[in-house]
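Each chain, letter by letter, is given below.
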Amino acid sequence: MPIQKNDVDAPMTAQCCTPFAMCRPNVEEEEDYFTSPFYKDGTDLFIDYQGPDVPQPNFFTPAQRSRMVHEVLLRTRYGDEQQQFGIKRLVSQGVYTSFFPLHSGSYKSEKLGVDRIENKRQELFYEWARPGAFMKEQPYDAIREYFGEKVAIYFSWLGFYTLMLVPASIVGLIVFIYGLATMSTDPTSNEICGKDGDLIMCPQCDELCTYWRLNTSCLYSRVTYTVDNPATIFFTIFMALWATFFMEFWKRQQARIQYDWDVADYEEAEQSMRPEFQANAQNKKKNPITHDYEPYMTMWERGLRIMSSLMFIFFLLLVVLAAILAIIIYRIFVVVLIYNSPDQLIKSQASLITTVTAACLSVIVITLLNKVYEKIAVFLTDREMWKYQTEWEDSFTVKMYLFQFANYYGTIFYIAFIKGRMQGSPLHYTKLAGRRLEECDPSGCLTELAIQLAIVMVGKQALNNFKEIVIPILVKLFKSRKGRKKIETDDDKYTSWERDYDLVDFPVHGLYEEYLEMVIQYGFVTLFVAAFPLAPFFALLNNIIEVRLDATKMITQWKRPMADRAQDIGTWFVILQAISKMAVLINAGIIAFTSDFIQKSMYEYTDVKQDTGQSYIEWSLSTFRTSDFDNESMPIPAFENATFGDTIYANHVCRYRDFRNNPNSSTWDDSDPSTQYVLTKTYWHVLTARLAFILVFEHLVLGIAELINFLVPDVPIDVRDRTLREKFLAKVSLHERIKHQKESDRADVVGTTF
């Protein structure tokens, strides 16, 4: 609570305008005070406090009053048994149907306007939640006052993240436009569409697939260049550094929030024990701080519970991997079916059709598995019996994110790092479920990876937005139908508490789903940005809508949540840091292995071109004699005759994507199988260059990131100074109180003596 106005000057940087400044909302700003924890006899310490006997309805904020009532309801006993306490248990037993704080009134008004605001809910709706306010800054202090610190910190983080996406989106758009503008100058796609387009390629499946001309993938190679060009390297480095700056600047912003909202020491000093833990813990232990005896759980018991949870989580992750494997098998079989189609246009787009349908199937599987896993994660986390709510939430979050990581990114990792690298050679193909593994297009798998990313990322965002808009409206209409009938048939009034009761329940896990949606999106923006430079742009568009959509739900669709406190965004921050570090290595791997940047660079900047006299496409493709196909892989004779004009296999050759020994090579020996279709020195040179690139890229980018981390302080200087000033004033106040108490006691003793 306030004890003195802030008398520390703000730094000049805080007074400067930013290039992305927005309109300020017409909400009364809070005055800046030094604060101290409240105690009821501190009449002389707190500003405007007149003691416990004087009614002061505005001294505490609505969120603080709500939190006090909630704390009492959670712990009040209603029986003699150990379990008989708390409003939650009464609700679970059906004594009450629900409990929630009431909104401050209707969010609608016939005379709604900046000068016609009747309550805090209307103020937030007009200045924050309505669509017309999307160009205004979010009124974080007003959100905190109405909903509490936990909700306000989420919206603060979401607004900060959205603002940071602006420069990333601009650079991503420039990189993509550069790819489009220079597409016609790409030597590789020009070779595929031009002089090397008549090369005959080996069939992409067993028996039913025919030979095909390289120029069939002309369009595919053109599209690939838009995401696989020299600017991609620059953008990948830029996004790695962007992620570092995002985390560093958010730490500074979070430190400012913790000071302004008095939550810097919340988790250490102010957290209350979970009622569930208090009721179920069998042991008691003396608290070394308060010297009170309180419930606790032994490390051995806690360890056993956590180990059992980890084992179950491991099993569920295997289920997710099985689902991913099923999608991979689906892709393999669908490719065969499409290549068996009589329509040449459909056959030419087999890879694209397979990618799109498999991505849509992935979205459906992800959605179904999410529902099942969430219930299991809640059960496991409850069994672990965490003492504090923040500990419970952190444990639940880690479980869910591990699952979501495998669920959302599993298929993407398959395309990026597995597809086209384990298929073997035409002499002996690697098979799964009796079918050949998929191959990449001659121009690579990067376009397919970009398509998968776009469908999963944009499709997920569209599905979530649809769900967040439509479902709450339908639920609210269904629940309020009785209220409307009551107005029509009864003289009673449809009261405000009845209207609030008919709103949609606030999610059981709070804003977990909102955080998860944004952190999954952050993964798309950072982990695979080398394959999809438009990811930050699509994320920005979604978040501009998401901020106001979440605000609208909070104000108009949901019951008012409990005004919980929070110190930060919890374990989500650790997850974001891990993603940022992983993104460097994953993007380096995508550039090295998924794109053709390394082998193109080797061809262009070494003596390969001069020594071989081949074009890049000819150099990157190996030759195979069709007579060497085994019986399972050999195309039917009709395909052979249609392609080559005869069925004399000994004279026929086809090309495939790899660096292997060719029949025309000087090291080839028809009598020695060990020289036939083996990996060449070029393959090992390219592999070495790829691994070297990953090593150099990772060390360089992470080195720069660590330097930034070292140079940028986590706490702004003005926040540090204000914190020290506040602690000094608290010490002075404590000294004055002790001195005043001693003088009062001395006066009482003197009065008693006389």
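Computed from a prediction, not measured in an experiment: that's the story for all the values here.

Enquirer: Account for the overall build of the protein chain, naming residues and giving values.
Expert: A count of helical and extended segments in the protein chain gives 25 helices and 12 strands. Put simply, 75% of the contacts in the protein chain that link residues at least 6 apart link residues at least 24 apart. Of the roughly 38,300 Å² of accessible surface on the protein chain, a fraction of 61% belongs to carbon and sulfur atoms.

Enquirer: So what about the pattern of salt bridges? Which residues, and what values?
Expert: Considering all chains together, one arrives at 20 salt bridges under this definition. The residue Arg 144 makes a salt bridge to Glu 149 at a minimum N-O spacing of 3.0 Å. For the pair Arg 144 and Glu 149, one class covers both residues: buried. One salt bridge connects Asp 670 with Arg 625, and the closest N-O pair in it is separated by 3.6 Å. A residue pair is termed long-range when its members are at least 10 positions apart, and Asp 670 in the loop between β12 (653-657) and α24 (681-711) and Arg 625 in strand β11 (residues 621-625) qualify at 45 residues.

Enquirer: Residues and numbers for helix α3 (residues 120-129), please.
Expert: Taken across its 10 residues, α3 has 9 buried, putting it largely inside the fold. Looking at the buried residues of α3, the elements they touch are α4 (140-147), α5 (149-181), α16 (496-501) and α18 (535-557). Where α3 starts, the residue carrying a side-chain oxygen 3.0 Å from the main-chain nitrogen of Arg 121 turns out to be Asn 119.

Enquirer: Can you break down the state of the cysteines residue by residue, with the values?
Expert: Enumeration according to the criterion identifies 2 disulfides in this entry. Here Cys 193 engages in a disulfide with Cys 218; their sulfurs sit 1.9 Å apart. Since a negative S-S torsion denotes a left-handed disulfide, the Cys 193-Cys 218 link at about 105° is right-handed. With Cys 193 in helix α6 (residues 187-193) and Cys 218 in helix α7 (residues 218-227), the pair connects residues that are 25 residues apart, well separated along the chain. Here Cys 218 falls in the partly exposed class, since its relative accessible area comes to 21%.

Enquirer: Explain the pairing of β11 residue by residue, including any values.
Expert: Burial within β11 is extensive, with 4 of its 5 residues counted as buried. Of the strand pairs in this sheet, β11 and β12 are connected by 5 bridges, and their pairing is antiparallel. Residue pairing for β12: Thr 623 is matched across the bridge by Arg 655.

Enquirer: Residue-level account of the environment of Leu 427, with values.
Expert: You can see Leu 427 is positioned in the loop between β7 (424-425) and β8 (428-429). On the basis of relative accessible area, Leu 427 is assigned to the partly exposed category, the value being 35%. In this structure the C-alpha to C-alpha distance between Leu 427 and Ser 627, which are 200 residues apart in sequence, comes to 9.9 Å. With residues up to four places along the chain from it excluded, the contact list for Leu 427 reads Phe 624, Asp 628, Asp 630 and Tyr 677.

Enquirer: Quick one: what's the story with the packing of α4 against α5, residue by residue and with numbers?
Expert: Running from amino to carboxyl end, α4 crosses α5 at an angle of 150°, the nearest separation of the two axes being 7 Å. Taken together, the axes of α4 and α5 lie roughly antiparallel to each other. Crossing geometry of α4 relative to α5 is assigned as right-handed. On α5, the residues that touch Tyr 140, Ile 143, Arg 144 and Phe 147 of α4 are Glu 149, Val 151, Ala 152, Phe 155, Ser 156 and Gly 159. Of the residues assigned to the contact of α4 with α5, the class counts are 6 nonpolar, 2 polar and 2 charged.

Enquirer: How would you sum up the nonpolar core? Please name residues and give values.
Expert: One broad trend across soluble globular proteins is that nonpolar side chains are buried collectively. If you look at the biggest cluster of nonpolar residues, it comprises 116 residues, and the most contacted ones within it are Trp 157, Tyr 161, Trp 242, Tyr 401 and Tyr 409. The biggest single contributor to this core is α5, with 15 residues. With 14 residues, the next largest nonpolar core counts Leu 199, Met 201, Leu 214 and Tyr 603 among its residues.

Enquirer: Any details on a negative patch on the surface? Residues and values, ideally.
Expert: Where like charges cluster on the molecular surface, the negative patch consists of Asp 265, Glu 267, Glu 268, Glu 391 and Asp 394. Only α9 (266-270) and α14 (389-418) provide two or more residues apiece to the negative patch. Mapped onto the secondary structure, Asp 265 falls in the loop between α8 (230-260) and α9. When its relative accessible area of 46% is taken as the criterion, Asp 265 is described as partly exposed.

Enquirer: How would you explain the side chain of Asp 186 if you had to name every residue and give the values?
Expert: Turning to its location among the elements, Asp 186 is positioned in the loop between α5 and α6. At 3.0 Å, the side chain of Asp 186 and the side chain of Ser 189 are in polar contact.

Enquirer: Could you give me a rundown of α24, with the residues and numbers involved?
Expert: Residues three or four positions apart in an α-helix share a direction because the helix packs 3.6 residues into each turn. An ideal rise of 1.5 Å per residue puts 45 Å on 31 residues; α24 measures up with 45 Å between its terminal C-alpha atoms. What α24 keeps buried is the set Val 686, Arg 690, Phe 693, Ile 694, Phe 697, Val 701, Ala 705 and Ile 708. Looking at the buried positions of α24, the neighbouring elements they touch are α8, α19 (572-594), α20 (597-605) and α22 (616-620).

Enquirer: I'd like a description of the side chain of Ser 169, backed by residues and values.
Expert: Inspection of the secondary structure puts Ser 169 in helix α5. A relative accessible area of 3% places Ser 169 in the buried class. The contacts of Ser 169, once residues within four sequence positions are left out, are Pro 536, Phe 537 and Leu 540.

Criteria and thresholds
- Residues numbered from 1 in each chain as written.
- Predicted model: local features only at pLDDT ≥ 70, side-chain atom pairs only at ≥ 80, totals over all residues.
- Heavy atoms only, no water.
- Helix = DSSP H or I, 4+ residues; strand = E, 2+ residues; numbered from the N terminus.
- Contact = heavy atoms within 4.5 Å.
- Areas by Shrake-Rupley, 256 points an atom, 1.4 Å probe, with all protein chains shown as cover.
- Salt bridge = Lys/Arg side-chain N within 4 Å of Asp/Glu carboxyl O.
- Buried < 20%, exposed > 50% of the residue type's maximum accessible area, 1.4 Å probe, protein only.
- Polar contact = N/O pair within 3.5 Å; in protein donor to acceptor, adjacent residues only side chain to side chain.
- Disulfide = S-S within 2.5 Å.
- Pairing = 2+ DSSP bridges.
- Axes fitted to C-alpha atoms, helices over the stretch in contact; angles between N-to-C directions.
- Parallel < 35°, antiparallel > 145°, perpendicular 65-115°, else oblique.
- Left-handed = near helix turned anticlockwise from the far one by under 90°.
- Nonpolar A, V, L, I, M, F, W, Y, C, P; charged D, E, K, R; others polar.
- Core = buried A, V, L, I, M, F, W, Y, C linked by side-chain atoms within 4.5 Å.
- Patch = residues over 30% accessible without salt bridge, like charges linked within 9 Å, V, L, I, M, F, W, Y side chains within 5 Å.
- Lys, Arg positive; Asp, Glu negative; His and termini not counted.
- Charge placed at Lys NZ, Arg CZ, Asp CG, Glu CD.
- Expected span 1.5 Å × (residues − 1).

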